[in-house]
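Structural features, examined
Given next are the chains, with one letter for each unit.
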Amino acid sequence: MAGNFWQSSHYLQWILDKQDLLKERQKDLKFLTEEEYWKLQIFFTNVIQALGEHLKLRQQVIATATVYFKRFYARYSLKSIDPVLMAPTCVFLASKVELVLSAILECEFYLLELMDCCLIVYHPYRPLLQYVQDMGQEDMLLPLAWRIVNDTYRTDLCLLYPPFMIALACLHVACVVQQKDARQWFAELSVDMEKVLSFYLLPSAMD
C-alpha cells in the first residue's frame, strides 16, 4: 500500500490510547463479564474470517474488515448495532462485494460515518515480510509469524500499536517457538523492544 503510515488517518486517528479504549468498553462490561466480551469479539472475528474465506477474499481484505469491526466497537457498545449485521457490513465495505441487502447498505453508512471515511488501514504483513527477508529466515519463520499476525486481529493490538511493532512482536514469538536465536538481530533495531515484548502481558493479547 502506497503512502506514509505516519501521516495516515490510521496513525493519526486510529492508534488509540489503551485507557480510552477500556473506558469505552465499560458500557459493555455492565452486562457482560470480560471473558464473555472477549468470547464475543473472537466469535465475530472468526465469523468475518469464515465469511471472507467463503467469498474467496484475500487475507488482507479479511484483516481490513476485522479492523473496521474493531474500530466501530471501540467507539460504540455492542448493543448499539447488532454485531451479526456489522460483521458482514465490514466485509462488504472492505471488499465491495456485490451484496444488495438494504440493511447492510444502511449499516455501511453508519460505519463510514463513525470512521470519518478513514478507510486506509496499514497491516503488519508488509513490515513482517521485510523483517523476515532481512533476517534471512523467510522459509523458516514467515509461515508461523504470518499466522501469529492473523491471530492478533482477535485482540486489541490493531487499535493500540503501529503495524511494524505488531510485526516485530509476532516475529519474536515465531523465533521463540522455532528456537531461532535472533537476539543480535533484534538488538540492532532502533526500536523499543521492551514495549514490543510487553504485548505478551496484555490480557487476551496472544492467547
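Predicted model only: the values in this text are computed from it and were never measured. (Residues numbered from 1 in each chain as written. Predicted model: local features only at pLDDT ≥ 70, side-chain atom pairs only at ≥ 80, totals over all residues. Heavy atoms only, no water.)

The geometry of an aromatic ring pair is captured by the separation of the ring centres together with the interplanar angle, meaning the angle of the planes. In this structure the tally under the stated criterion is 15 aromatic pairs. Seen from their ring centres, Phe-5 and Trp-6 are 5.0 Å apart, and the 70 degrees between their planes marks the pair as edge-to-face. By relative accessible area, which is 11% here, Phe-5 ends up buried. With a centroid separation of 5.1 Å and an interplanar angle of 85 degrees, the aromatic rings of Phe-72 and Tyr-73 are classed as edge-to-face. Judged on exposure class, the residue Phe-72 and its partner Tyr-73 are both buried. Following the ring pairs from residue to residue traces out a cluster consisting of Phe-43, Phe-44, Phe-69, Phe-72, Tyr-73 and Tyr-76. (Phe/Tyr/Trp six-rings, centres within 6.5 Å; stacked < 30°, edge-to-face > 60°. Buried < 20%, exposed > 50% of the residue type's maximum accessible area, 1.4 Å probe, protein only.)

Within this structure, the stated rule accounts for two cavities of 30 Å³ or more. Size it by volume and the largest cavity reaches roughly 60 Å³. Residue lining of the largest cavity: His-10, Val-67, Tyr-122, His-123, Pro-124, Thr-152, Tyr-153, Cys-158, Tyr-161, Pro-163 and Ile-166, and that is the complete set. The residue makeup of the lining of the largest cavity, split by class, is eight nonpolar, three polar and no charged. Estimated volume of the second largest cavity: approximately 30 Å³. Sorting the residues of the lining of the second largest cavity by element identifies helix H3 (34–54) and helix H4 (59–75) as the ones contributing at least two each. A per-element tally of the lining of the second largest cavity places H4 first, with three residues. (1 Å grid on protein atoms, 1.4 Å probe; cavity = no way out; pocket = protein on both sides within 12 Å on 5 of 7 lines; lining within 4 Å. Points joined across faces, edges and corners; volume = space filled by probe spheres on them. Nonpolar A, V, L, I, M, F, W, Y, C, P; charged D, E, K, R; others polar. Helix = DSSP H or I, 4+ residues; strand = E, 2+ residues; numbered from the N terminus.)

At a closest axis distance of 9 Å, the pairing of H3 and H4 adopts a crossing angle of 150 degrees. Here H3 runs over H4; the crossing is right-handed. In this structure, H3 uses Tyr-37, Trp-38, Gln-41, Phe-44, Thr-45, Ile-48, Gln-49, Gly-52 and Glu-53 to contact H4, whose residues at the interface are Gln-59, Ile-62, Ala-65, Thr-66, Phe-69, Lys-70 and Tyr-73. Class assignment of the residues belonging to the contact of H3 with H4 gives a composition of eight nonpolar, six polar and two charged. (Axes fitted to C-alpha atoms, helices over the stretch in contact; angles between N-to-C directions. Left-handed = near helix turned anticlockwise from the far one by under 90°. Contact = heavy atoms within 4.5 Å.)

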